[in-house]
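Architecture at a glance
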Amino acid sequence: MTDRDMETDHLPENTGGAGHGAVTTVAEDPFQDPGLPAHRPRVTDLDPRAAKRAERQVALLFMIAVVGVIGSMVCYTFVPNTKVHRFTGLGTVNMNNLALGLCLGFAFLALGCGAIHWARTLMTDVDLVQERHPMKSDPESTAFAVSEFKQGVADSGFTKYPLIRRSLLTAMMVLPLPAVWLLRDLGPMPKDALRHTLWAPGMKLVNPNTGQPLRVSDVTVGTLALANPANLNDDPDERIDNLAKAAVLVVRLPQEALKGSEAQKKKQWDWSVDGVMAFSKICTHVGCPVALYEQQTHHMLCPCHQSTFDLSDDGKVIFGPAARSLPQLPITVDADGNLVAVSDFREPVGPSFWERG
Amino acid sequence: MSATTAPGAGAAGEYGDVKTDPVSNWADERLGIYKGSKNLIRKVFPDHWSFLLGEIALFSFILILLSGVFLTLWFNPSMGEVEYHGSYLPLDGVSMSQAYASTLNISFDVRAGLLMRQVHHWAALIFLMAIMVHMLRIFFTGAFRKPREINWLIGFTLMVLGLLEGFAGYSLPDDLLSGTGLRIASGVILSIPIVGTYVSYFLFGGNFPGHDFIPRLFTIHVLLIPALIVGLVTAHLILVFVQKHTQWAGPGKTNDNVVGLPLLPVYTAKAGGFMFVIFGVVFLLAGLVQINPIWAYGPYTPDQISAGSQPDWYIGFLEGSLRMMPNWEWNIWGHTLSFNVLIPSLVVPGILFTALAVWPFLEQWITGDKREHHILDRPRNRPSRTAIGVGGITFYGVLWLAGGNDLIATHFHLSVEALTWTFRVLIFLGPALAYWCTKRIALGLQRRDKDKVLHGRETGIIKVSLEGEFTEVHEPLSAGERYRLTAHEVQKPLELGPATDENGVERPGNRALKLRAKASKAMFSDHVETTVEEYKEIEAGHGHH
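Residues numbered from 1 in each chain as written. Chains lettered and ligands numbered in written order. Predicted model: local features only at pLDDT ≥ 70, side-chain atom pairs only at ≥ 80, totals over all residues.

**A look at helix H9 (residues 213–243) of chain B**
All names here are of chain B.
- The end-to-end C-alpha separation of H9 is 42 Å, in line with the 45 Å expected for 31 residues at 1.5 Å each.
- Of all the bends found along H9, the most pronounced is centred on Ile220 and spans about 40°.
- Among the residues making up H9, those that are buried are Phe213, Ile214, Leu217, Phe218, His221, Val222, Ile229 and His236.
- Residues of H9 that are buried sit in contact with helix H3 (53–72), helix H4 (98–108), helix H6 (149–171) and helix H8 (196–204).
- Just downstream of H9 lies Lys244, where phi reads positive at about 60°. (Helix = DSSP H or I, 4+ residues; strand = E, 2+ residues; numbered from the N terminus. Expected span 1.5 Å × (residues − 1). Bend = angle between axes of the 7 residues up to and from the residue. Buried ≥ 20, exposed ≤ 12 C-beta atoms within 10 Å, placed from the backbone. Contact = placed C-beta atoms within 7 Å.)

**Brief notes about the nonpolar core**
- If you look at the biggest cluster of nonpolar residues, it comprises 97 residues, and the most contacted ones within it are Val119(B), Ala123(B), Phe127(B), Ile278(B), Phe279(B) and Val282(B).
- Every residue in contact with Ala123(B), bar those within four places of it in the chain, is listed here: Ser60(B), Leu63(B), Ile64(B), Ser67(B) and Val282(B).
- In this structure, Cys304(A), Leu329(A), Ile331(A) and Ile184(B) belong to the second largest nonpolar core, which totals 77 residues. (Core = buried A, V, L, I, M, F, W, Y, C linked by C-beta atoms within 7 Å.)

**Side note on the confidence of the model for chain B**
All names here are of chain B.
- When the pLDDT values of chain B are averaged, the result is 93; 97% of them are 70 or greater.
- Across residues 1–10 the pLDDT falls below 50, and counting only partners more than four positions away or on other chains, this stretch makes 8 contacts in the model.
- Scored by ipTM, the complex comes to 0.91, with pTM at 0.92. (pLDDT = per-residue confidence, 0-100.)

**Quick look at the domain arrangement of chain A**
- Once the domains are mapped, chain A shows domain 1 (43–121) and domain 2 (195–341).
- Each of domain 1 of chain A and domain 2 of chain A has a C-alpha centre, and the two are 58 Å apart. (Domains from an automatic or database assignment.)

**Side note on the sheet that holds strand S1 (residues 44–45) of chain B**
- Strand order in the open sheet made by the 3 strands is S3(A)-S4(B)-S1(B), with antiparallel pairing throughout. One side of each edge strand has no neighbouring strand; the edge strands of this open sheet are strand S3 (128–131) of chain A together with S1 of chain B.
- As paired strands, S3(A) and strand S4 (residues 257–262) of chain B are joined by 4 bridges and run antiparallel to one another. Looking across to S4(B), one finds that Gln130(A) is bridged to Val258(B). (Pairing = 2+ DSSP bridges.)

**Let's talk about the interface of chain A and chain B**
- Listed per partner, the contact involves 97 residues of chain A and 109 residues of chain B.
- Of all the secondary structure elements, the ones that give two or more residues to the side of chain A that touches chain B are strand S2 (91–94), helix H3 (95–121), S3, helix H7 (239–246) and strand S11 (316–319) of chain A.
- Broken down by element, the side of chain A that touches chain B gets its largest block of residues, 18 residues, from H3(A).

**Some words on the confidence of the model for chain A**
- For chain A, the mean per-residue pLDDT works out to 90, and 92% of the residues sit at or above 70.
- Counted against residues more than four places away or in other chains, residues 1–26 of chain A, with its pLDDT under 50, gives 33 contacts.

Given below as C-alpha cells:
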C-alpha cells in the first residue's frame, strides 16, 4: 500500500487556494480553522463575592466528608450488625450496613463534589495549547539506536558463532515445556470415570431428604421424586462428586402414556417397575440438574438453558440446546419391596465429551 | 559531619536561584524528580464527558482492589465440608463448603463485611460496564487509529481479563447459583474436542466439582489476574500519557496540538474528585441496594437448582448464546463433537472478540491510511464503521437478551420456545437491519450538517414577505462552528486502475487489492461532501437576492 491510495486532495486545508475575488463576504477559505476562541470569564473570575461563595461551598463539602467519615466509625461501633429493618422499596435491610453505606457514600460524594466544584469555579479554565510530536523517532535517534544495536550484536558474536546461536534458540524453545509438564499432577487421568456412577446391581434408591429407601407406593402418577444411591454417604470425601453424576429423578407413567417405537416402549417399560421409572437428573447439555416437571405432559425442563425432555418418549429432547435423551436407569424391586437399580446407567450421564462416542 | 550540613543534601544553592525545598531536593538527588516531572506537571488533558468512561473503570478497579483485600481477611477458599452454626439461622446445621460458610460469616458476623462484599460486587459490575462503554467510545470515535492500535489491544486484553476475573470472583462463594455457573463452565470445557476431558480433569483435580477448584480459582482471582490487570492498566495509562489524549475537532484544535486544562491543578482536582464521586456512588449502592444475596441461594449441591437462574450481566451474552443454539451434535468415529456447546460458548465469542481485537488493523488495511490521527471522528462522519459497531452491539444485545429468555417469558407471559426461535432469527436479522438503519441515519445526519454549513442555522424566526410568502430566517454559522462541521476528511472508495499493465502483466498482489477495493467500496461508496466551492456558490447566490 502506498500513499497514492489515500485521498488527500479533498482535505479542507488543501481546498483553499484562489477564491472568487468578487465575493468579499467570504474569506479565502470559509472552512479554515479560526483558531482558539477568546476565553470567556466565569462569574467567579469577575465577582470576588461569587468566588468567596464558591470557596465556602467547597469547604462545606469537605467538612461534610469529615462528618461522614467520623459518622461511619460511630455507626460501625454503635449500630448492631444484627439489627434489620424493613423499608418499602429497599426490602429488609441490615441497619449496620445501611448506616455505613450512607455515611461513607455521602462522605466520598461530598469529597469528590468539593474537589470538582473547586476545579470548576476557582481553578483556571483557560485552555492551554501544547504541541504534539509524531511518535516516530527522528532520523538521528534512529541512526544512533540502529548503530548501537548493531554494535551490540557484533560485540556478542551472535552472528559470528552459529553454533551458539542455534543451541541457544533450541534451549529457549525447550525452556517453556516444563511450565506445562510440571502441571501434570493437577488432576488424575479421566480414564472411564465419566462413564460410571455409583449405581450398581441391587443398589437401593433412597430419598435424599429422609435417607429412607424409596418404594413403588411412594411414587404416584404426577409426582416427581428424587433419589440418590444408598451408598452415597459411604465416602463423605467423594459424596458431592458422586452426587454430580448419580442424582436421579423418579416418576410414574401409565403404560398408555408411553410414546415412540414398540421396541423403545418395551425397553422403557421393562426398565421400570409398574411404570415407576428413574432418569438421570443431570442435563445432557452442560450438566445442570433438570428440575421442572410438567405433570400432564411428562415434560422435564432444565432451568439453565430450557432444554426440554419428554419422559414419556424415553427422555427424548423436544426443545432446547441439549442433544441427547436423559438416560434411563433400569430399576426393579428387591425382596423387601424397595426400588433398586438393575445396573449402572447403560450410557454416560451428563454433558457430552470427546471420548463419549 | 551532621546530615543537615552535608554538602549537597538539601542545599538550595545547587539549584541556582530557584527556591526549592529540602525534601524535594533530597528526592531529586536520588530520583531526578525535577527533570522527570518537568513536562508532566502542567501536561494538558482535553476535556469531554466521554473521556471519563475509562476513568470510571480505573476508579472502580481501585475500589475492587481495596474491598477485595478486606474480604480476603475472612474468606476461606476451601471446599472442605462443614456444618454451619453462625448467625444466619435458616441455614443452621446445613452442610456446606468452608468457602460458603465464610462468605456467610462475612455477610452476617463481620461488621462492614456485607458492605465490603457489596462494594466489591457493585464495583465489579460497574468496572466491566465502564470498560465496555469506554471501548465503544474508542471504537465509534476512531480513537484506536494510529498510533493507538497497541493501546486498543491492551484495552481489549483488559476487557477479557475483566470478564474472567469477574466470573472467577462470582464463583468463589460456592453458593448454588455460582456453583451452577461452574457446572456450566465444566460442561463447556468437556465439549472441547480431543483435550476437553483432560482439561476438565486437570482444572477440577478430578471429577466435577472435586475439592481443588475453589482454592485454585482463589489464587487466580486474587493474585494472577489482578497482577496482570495492574500491569496492563499501568501500560495503558503510560501510553495515554506518552501519546497524549485525543481531542474533538474544534476551533484551535488540530492534529498537531492538544488543547485543554493542565494536570496540576485542574485535571488532578477533577479526576481525583471524580474518583471520590465513583467511590461515593458505589458505597451508596452497597449500603442501599442488595446484590448477590448468597444466603438466599443456599450452598452449592450438584443435584439442586432454582428456576430463573441468571449469571451476572456480563456473562449474559454467553448464557444467551448457549440458550439459543440448536441441538446439533455429531458422533463420528466413536467421538462426540458437541456443536450445541462448542459453537455458542467458544466459537461465537471467539469470532466476536477476534473481530474486536483486529478491527484497527482491518480498518487501516481497507483505508490504506497510515497517518497519525489525534482528532476524533464524529460517529456520523464514519457511517460504515458506526453501522458495523451498532451491528455488533445488536448482535451482542440479542445474545444478552436470549440469556434472559426464561425471565422475559415469565414476565410477559410468552412462550419460551417462541422467544428462543425469535432470537434465533434476530441474531442474523438484527445486526443486518441495525447496520442498514445506522448507516442511513449517519448519512442523514451528515446531510443535515452540510445543510447547516451551507445555509446556516435555523433561527425559528418566520418572515412574511410582502407577497405573503413565509420563510424561516437562517443565520450563518460562526467560523468556529463551520470549521468543526467540515474539519473531517471524507473517505472515498479506493479506485483500482486496470488489473494488468500495458504488457498484460498482472499487478502484483492483485487479489488482495481487489478484496480491499471491494471492502472500500462497501464502506465508502455512500458519502456526503461539503466543498468550499458549494459554499462560495451559495454565498455568491445570496448576494443576488
